[in-house]
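Now for the letters of each chain:
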Amino acid sequence: MNASNSLLLLILASSLLPGLVIFLLHEQSHRLRTALNLFGAVLKLVLVTVLIWGVFHERVFETRWTLMPGLDLVLHADALSVLFVSLSTLLWLVTTIYAIGYLEDSPHRSRFFGFFSLCVTATVGLALAGNLFTFVIFYELLTLATYPLVAHKGTPQAVRGARIYLAYTLGGGVLLLIGAVWLRTLAGPLEFVQGGILSELPQLDPWALRSIFILLIIGLGVKAALVPLHGWLPQAMVAPAPVSALLHAVAVVKAGAFGIVRVVYDVFGIEFTASLGLLPLLGGLAAITIVYGSMKALTQDHLKKRLAYSTVSQVSYIALGAAILGPLATIGGVVHLVHQGIMKITLFFAAGNYAETLGIHRVSQMNGVGKRMPGTTLAFTIGALGMIGIPPVAGFVSKWYLGQGAVEAGVAAWVLPVLIASSLLNAAYFLPILYRAWFRPAPAAWPEEHPHKGRWEMPAALLWPPLVTAGLALAAGLFAAAPYSPLTWAELIAAREYR
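Note that the coordinates shown come from a computational prediction; the quantities given were computed from them, not determined experimentally.

What counts, and where the lines are drawn
- Position numbers for residues count from 1 along each chain, tracking the sequence in the order it is written.
- Given that the model is predicted, a residue must reach a pLDDT of at least 70 before its local features are reported, and side-chain atom pairs must reach 80 or more before they are shown or counted; all residues, however, enter totals for whole chains, interfaces and linings.
- As a convention, hydrogens and water are excluded, and side-chain values are obtained from all of the structure's heavy atoms.
- What counts as a helix is a DSSP run of H or I of at least four residues, what counts as a strand is a run of E of at least two, and both are numbered from the N terminus.
- Just to be clear, the radius of gyration here is over C-alpha atoms, and the globule rule we use is 2.2 Å times residues to the power 0.38.
- Between buried and exposed lies partly exposed: a residue is buried under 20% and exposed over 50% of the maximum accessible area for its type, with that area taken using a 1.4 Å probe on protein chains only.
- When checking whether two residues touch, look at their non-hydrogen atoms; a contact exists if any pair is within 4.5 Å.
- Computed with a 1.4 Å probe, the accessible areas rest on the Shrake-Rupley method; for each residue, only the protein chains presented here act as cover.
- None of His or the chain ends enter the tally, which takes Lys and Arg as positive and Asp and Glu as negative.
- For charged residues, the charge sits on one atom: NZ in Lys, CZ in Arg, CG in Asp, CD in Glu.
- Both cavities and pockets are sets of points on a 1 Å grid over the protein atoms alone; in a cavity a 1.4 Å probe fits but cannot get out, in a pocket the set is open with protein on both sides within 12 Å along at least five of seven lines, and lining residues sit with an atom within 4 Å of a point.
- Grid points are joined across faces, edges and corners, and a volume is the space filled by probe spheres set on the points.
- Ten residues, namely Ala, Val, Leu, Ile, Met, Phe, Trp, Tyr, Cys and Pro, are considered nonpolar, four, namely Asp, Glu, Lys and Arg, are considered charged, and the remaining ones, Gly among them, are considered polar.
- Aromatic pairs are defined between Phe, Tyr and Trp rings, using the six-membered ring for Trp, whenever the two ring centres lie within 6.5 Å; interplanar angles under 30 degrees are classed as stacked, those over 60 as edge-to-face, and all others as tilted.
- We call a charge positioned over a ring when the NZ of a Lys or the CZ of an Arg lies within 6 Å of the ring centre and within 35 degrees of the ring normal.
- Residues adjacent in sequence count toward polar contacts only when both atoms are side-chain atoms; beyond that, a polar contact is any pair of N or O atoms within 3.5 Å, and within protein one must be able to donate a hydrogen and the other to accept it.
- Strand pairing is assigned whenever DSSP detects at least two bridges linking the two strands.
- Residues forming no salt bridge and having over 30% relative accessible area are the ones grouped into patches, like charges within 9 Å of each other and nonpolar side chains (Val, Leu, Ile, Met, Phe, Trp, Tyr) within 5 Å.
- A pairing counts as a salt bridge when a side-chain nitrogen of Lys or Arg comes within 4 Å of a carboxyl oxygen of Asp or Glu.
- For every element, the axis is a line fit to its C-alpha atoms; helices are fit only across the contacting stretch, and the angle between N-to-C directions ranges from 0 to 180 degrees.
- If an angle is under 35 degrees, it is roughly parallel; if it is over 145, roughly antiparallel; if it lies from 65 to 115, roughly perpendicular; otherwise it is oblique.
- Each crossing gets its handedness from the near helix: less than a right angle anticlockwise from the far helix is left-handed, clockwise is right-handed.

Asker: Any chance you could explain the overall build of the chain here in plain terms?
Answerer: From N to C terminus, the chain includes 20 helices and two strands. Its C-alpha radius of gyration of 21 Å places the chain within 12% of the 23 Å reference for a compact globule of 499 residues. Dimensions of the chain, computed from the C-alpha atoms along their principal axes, are close to 75 × 55 × 45 Å. Within the chain, the proportion of its 499 residues that are buried is 60%. Considering only residue pairs separated by 6 or more positions, the chain has 79% of its internal contacts joining residues 24 or more positions apart. Counting every atom, the chain has about 18300 Å² of accessible surface; 68% of that belongs to carbon and sulfur. Averaged over its 30 positive side-chain charges, the chain has a centre that lies 11 Å from the centre of its 21 negative ones.

What follows is the structure in structure tokens.
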């Protein structure tokens, strides 16, 4: 094994090994636990930076173990996997800092950060999976690693939410496995190849392929929260704020959306998927989810539930991009994988800050909070405007390319109304929050205030993460055309998929 191939293993080990050691630490080993968390996160960021450079210059990174004839465990890096790995790595570092501040003095921190590291390891593993078998393995490991995080508080509500989450995701995993095994028996080894593998194989039964595609999309759609498979997501909001941020921006829902992109582009191939008549099915499912999620968000007074239904809607932009034939829509869908992540993690960090500092859990409690917590509310404002699609925040770039892609593919008649309706609904459930926060008078007393004596409105470990991610959301829009930006990397992915 040469140095290039070892890089993929080192990237996995940079979170796996610290996580395993953290499990063994005494609860009071605060400094060592913090050092291990930050060392692993920073080391992974350095290693992924090397990987980005190598993949951009078309160097090959692959590690393969043969488990039995015709069944390999494969790690492989291409432009798409690097995009997801980069997002997970960067946001893991920021979320780790936030979680250290958020959980200070809380019980069971070693257990929490151990599973936290395993969760990121599984996410990076499925991003680097070189075939469908490897993807399924890490996909299920992600389920098992996140269940204890959702149940972390140990309250009856938390345990119930975690059980619902487990039931949904294990059920989805079973369907994904059935689809993968069925496809393996028909088509042989299922390597991820740009342009797909199935169009080159003769005499495959089209109806069998259509059935397999539906099984795979349902299995992945559970984690991606496609309607009607989304029921676990609002229930999982009982988890601590860092876990919510992880579920919505870094790991679980992104794993499902990323899997849909992999199946469409690198297993079936988008042109072959279109020839089977499956793109309208996926597009219709995404469109329904986009509108339904926004309408449900509009009716929620609980802040985290409003954000959860917003995720249901926004993540389906990625599936919508995969359902439209053409490079512009591909760019719009793929880049939203990153843009939604940095905007949504900002919103969940801010929601956590409101709850921890003032006891605010509901939109109706947010009057005047902008003057009391200006830094947090500034970050929340940037994230919310990005979700609506207001330039120059990153969300505008995603929606612009999806709209252009719809025109290019000749499906503007139904895609543009969906995008417009979604943006109007986004505005309808986010703008009233901003109005309350900045322009309504504050109440005489906050629901449950925990005064902070420092220089800032709250501890720096909680304040700076949302400000940093809000800055990234702004920079991703302002400097979209810059080298190595999410947009230019998405253009690279589209160019390689359609060449």
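On we go.
Asker: Just to check I follow, could you spell out empty space enclosed by the protein for this structure?
Answerer: Space left empty within the atom packing is revealed by a probe, the size of a water molecule, rolled over the atoms. In total, this model carries one cavity of 30 Å³ or more according to the counting rule given. By volume, the largest cavity amounts to about 50 Å³. Taken together, H30, R33, T34, N37, I100, L103, E104, R109 and F113 form the lining of the largest cavity. Elements with a contribution of two residues or more to the lining of the largest cavity: α2 (30–56) and α4 (109–127). Here the lining of the largest cavity gets four residues from one element, more than from any other, and that element is α2. Looking at side-chain class alone, the lining of the largest cavity contains three nonpolar, three polar and three charged residues.

Asker: Would you mind going over the packing of aromatic side chains with me for this structure?
Answerer: Ring pairs (aromatic) are described by centroid distance and by the angle formed between their planes. Enumeration according to the criterion identifies 20 aromatic pairs in this entry. Taking the centre distance of 5.0 Å and the plane angle of 80° together, the rings of F23 and F115 count as edge-to-face. Of this pair, F23 sits in helix α1 (residues 3–24) while F115 sits in helix α4, placing them 92 residues apart in sequence. Joined through ring pairs, the aromatic side chains of Y354, F380, Y429 and F430 make up one cluster. The ring of W207 carries R210 above its face, with NZ or CZ at 4.3 Å from the centroid. Lying over the aromatic face of Y139, K223 brings its terminal NZ or CZ to 3.8 Å of the ring centre.

Asker: Can you help me understand the layout of surface pockets in this one?
Answerer: Of the volumes computed, that of the largest pocket is approximately 560 Å³. Looking at the second largest pocket, its volume works out to about 470 Å³. At the level of secondary structure, the elements contributing two or more residues to the lining of the second largest pocket comprise α2, α3 (79–102), α14 (327–358), α19 (460–478) and α20 (486–497). In terms of residues, the lining of the second largest pocket owes the most to one element, α3, which gives five residues. When the residues that make up the lining of the second largest pocket are grouped by side-chain class, the tally is 15 nonpolar, three polar and no charged.

Asker: What's the story with the side chain of T381 in this structure? I'm lost.
Answerer: Position of T381 relative to the elements: it lies in helix α16 (residues 374–388). Only 3.0 Å separates the side chain of T381 from the side chain of W438, close enough to count as a polar contact. Excluding its chain neighbours within four sequence positions, the residues that come into contact with T381 are L434 and W438.

Asker: Any chance you could explain the pairing of strand β2 (residues 71–77) here in plain terms?
Answerer: By the bridge criterion, seven bridges tie strand β1 (residues 61–68) to β2 in an arrangement that is antiparallel. Each residue of the ladder has a partner; that of T63, found in β2, is L75. Between β1 and β2, which pair antiparallel one after the other, the connecting turn spans two residues, and G70 there sits at a positive phi close to 85°.

Asker: Teacher, can you tell me more about a nonpolar patch on the surface here?
Answerer: There is a patch of nonpolar side chains on the surface, built from L16, L17, L20, F23 and L24 and spanning about 470 Å² of accessible area. Look at F23 and you get partly exposed, because its relative accessible area is 30%.

Asker: What am I meant to see in the packing of α4 against helix α5 (residues 132–150) here?
Answerer: Axis angle and axis distance: for two packed helices, these are the angle between their axes and the distance between the axes, and together they describe the pair. Across the interface, α4 lies against α5 with an axial gap of 8 Å and an inter-helix angle of 160°. If you check the angle between α4 and α5, you find them roughly antiparallel. Here α4 runs over α5; the crossing is left-handed. Facing α4, whose interface residues are F112, F115, F116, L118, C119, T121, A122, T123, G125 and L126, α5 presents F135, F138, Y139, L141, L142, A145, T146, P148 and L149. By residue class, the composition of the contact of α4 with α5 is 15 nonpolar, four polar and no charged.

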